[in-house]
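Coordinates in review
What follows is the residue order along each chain.
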Amino acid sequence: MEDDNAAAALDSIVTEFHSYEDFLDSQITSLDLYYLEDEELARQLVELGYRGSGEVLKREEFESRKAAAEASRLNKRSQIRTLASTGKELKDNFLKALAEREEANHSARMTSIIFIRDHNAQGQEISGYIDYSHRLKLEDFEPYFSGKKRLLPRSTDLSFYNWETQVSTSNDSANYEVIAENSTGLLFKNKRDRKILNVDPKASPGDNSSRTPLQSDLYTQVVIYDHITRRRA
C-alpha cells in the first residue's frame, strides 16, 4: 500500500510540473535562495536531497515517468477516437465497404483507392480516383456516412476528369505517386512500399492489391482498390 501511495505521489508530481527544473524550483524556499544566493546551486542541492520541502525525485526517474505518462495519454487519445461510420445504419453497398475499410485506412495498414463515376451538382458526368486514407485525414467523413453529403472526386484528388468540360487533373497524394504517362494506362506507385497499383480492369492490380467492383444505388460506377502496405526490408 505504501509503495502504491509513493508511486501515486510521484505520478502526481510528473503531471503537475512541465519540466524537471520546474519541479526543483518548487522545492526551493526563499530562505534557501537568501543563504545560497545561487539558484542553480539550490537546484543541485534539491536534486541531491540536501534541500527541499517535499519528495526527492531524480531527473532520470522524472523523465522516465514523464515519457510514460505522455505515451499513456497518446494511447488513450487513440483509443477514444471514434470512427465516422460508428453507429450509422448503412444500407448502400459502397458506404458499407467504406466503413469496413475505415479503421485500416486510418491506421495506414491499408491504403485504398476509390474510383467513382457519377454526376456533379451541375449534372456533369465526372470520374476520378480518390486516396481514401488521405481524404480521411483531411476531412470529416461523418456527413458521407450519414447521407448528408456524397463522396465525389475533386480536382485535388489523385485523378479527376470532367467529361463535359474535358478538364483533367492528376495529383500525387500522401500515399501515392501518379504515373500518368504510361503505355499500359494510369498507374499509382505506393510511397510506402514502392509497389505499383494498376487500375486497368483487364490487368492484375499488382502485389498486395485487390480490385472490388461494387453495385451502388448512389453512384453510376464504383470500384475500390485495396493495397496492404508493407515497408521495404
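Residues numbered from 1 in each chain as written. Predicted model: local features only at pLDDT ≥ 70, side-chain atom pairs only at ≥ 80, totals over all residues. Heavy atoms only, no water.

Attention shifts here to the sheet that holds strand β5 (residues 176–179). The 3 strands are arranged β5-β6-β7 in an open sheet whose pairing can be described as antiparallel. The open sheet has two free edges, formed respectively by β5 and β7 (196–198), since each of these has just one partner strand. Neighbouring strand axes in the sheet, compared pairwise and without regard to direction, differ in orientation by 30° on average. With 3 bridges joining them, strand β6 (residues 187–190) and β7 adopt antiparallel strand pairing. The partner of K189 across the bridge, within β7, is I196. (Pairing = 2+ DSSP bridges. Helix = DSSP H or I, 4+ residues; strand = E, 2+ residues; numbered from the N terminus. Axes fitted to C-alpha atoms, helices over the stretch in contact; angles between N-to-C directions.)

Our focus in this paragraph is the pattern of salt bridges. Under the counting rule described, the total for this entry stands at 10 salt bridges. A salt bridge links R135 to E139; the nearest nitrogen and oxygen atoms lie 2.4 Å apart. For the pair formed by R135 and E139, the shared burial category is buried. Here K195 makes a salt bridge to D207, at a shortest N to O gap of 3.5 Å. Remark: D207 occurs in the loop between β7 and β8 (209–214) and K195 occurs in the loop between β6 and β7; sequence separation between them is 12 residues. Of the residues examined, K195 reaches a relative accessible area of 31% and is grouped as partly exposed. Owing to a relative accessible area of 48%, D207 belongs among the partly exposed residues under this scheme. (Salt bridge = Lys/Arg side-chain N within 4 Å of Asp/Glu carboxyl O. Buried < 20%, exposed > 50% of the residue type's maximum accessible area, 1.4 Å probe, protein only.)

Turning to helix α6 (residues 93–106), a few remarks are in order. The end-to-end C-alpha distance of α6 is 20 Å, a good match for the 20 Å that 14 residues give at a rise of 1.5 Å each. In the structure, α6 departs most strongly from a straight axis at E100, where the bend amounts to approximately 35°. Residues of α6 that are buried include every one of F94, L95, A97, L98, R101, E102, A104, N105 and H106, and no others. Tucked inside the fold, the buried residues of α6 contact β1 (113–119), α7 (132–138), α8 (142–145), β8 and β9 (221–227). (Expected span 1.5 Å × (residues − 1). Bend = angle between axes of the 7 residues up to and from the residue. Contact = heavy atoms within 4.5 Å.)

One key point about sheets: their strands pair by backbone hydrogen bonds, in either a parallel or an antiparallel sense. Taken in spatial order, the 6 strands make up an open sheet running β4-β3-β2-β1-β9-β8, and their pairing is antiparallel. Two strands close off the open sheet at either side, each with one partner strand: β4 (168–170) and β8. If you compare each strand with its neighbour and ignore which way they point, the axes differ by 10° on average. In the sheet, strand β3 (residues 159–162) pairs with β4 via 3 bridges, with the strands oriented antiparallel. Pairing of Y161 across the sheet is with S168, part of β4.

Below, the discussion takes up unusual backbone geometry. For Q166, which is not a glycine, the phi torsion comes out positive at approximately 60°. In this fold, Q166 is placed in the loop between β3 and β4. Q166 gets classed as exposed once you look at its relative accessible area, which sits at 61%. We note that R194 has phi near 70°; this positive angle belongs to a residue other than glycine. Note on placement: R194 falls in the loop between β6 and β7.

Counting residues in each nonpolar core, the largest one holds 22 residues, and the members touching the most others are F94, L98, I114, I116, F141 and L151. Residues within four places of F94 in sequence aside, it is in contact with I114, I116, L151, L214, S216, Y219, V222 and I224. Counting 11 residues, the second-largest nonpolar core is a separate cluster that includes I113, F115, Y176 and F188. (Core = buried A, V, L, I, M, F, W, Y, C linked by side-chain atoms within 4.5 Å.)

What follows concerns the pairing of β3. Here strand β2 (residues 125–131) runs beside β3; their pairing, made up of 4 bridges, is antiparallel. Among the inter-strand pairings, S127 is bridged to a residue of β3, identified as Y161. In textbook terms, the turn of a hairpin is the stretch between consecutive antiparallel strands, and for β3 and β4 this stretch comprises 5 residues, one of which, Q166, has a positive phi near 60°.

Attention now goes to the side chain of S85. Mapped onto the fold, S85 is located in the loop between α5 (59–79) and α6. Classification of S85 as buried rests on a relative accessible area of 11%. At a separation of 2.5 Å, a polar atom in the side chain of S85 contacts the side chain of E102. Filtering out sequence-adjacent residues up to four positions away, S85 remains in contact with A99, E102 and F145. (Polar contact = N/O pair within 3.5 Å; in protein donor to acceptor, adjacent residues only side chain to side chain.)

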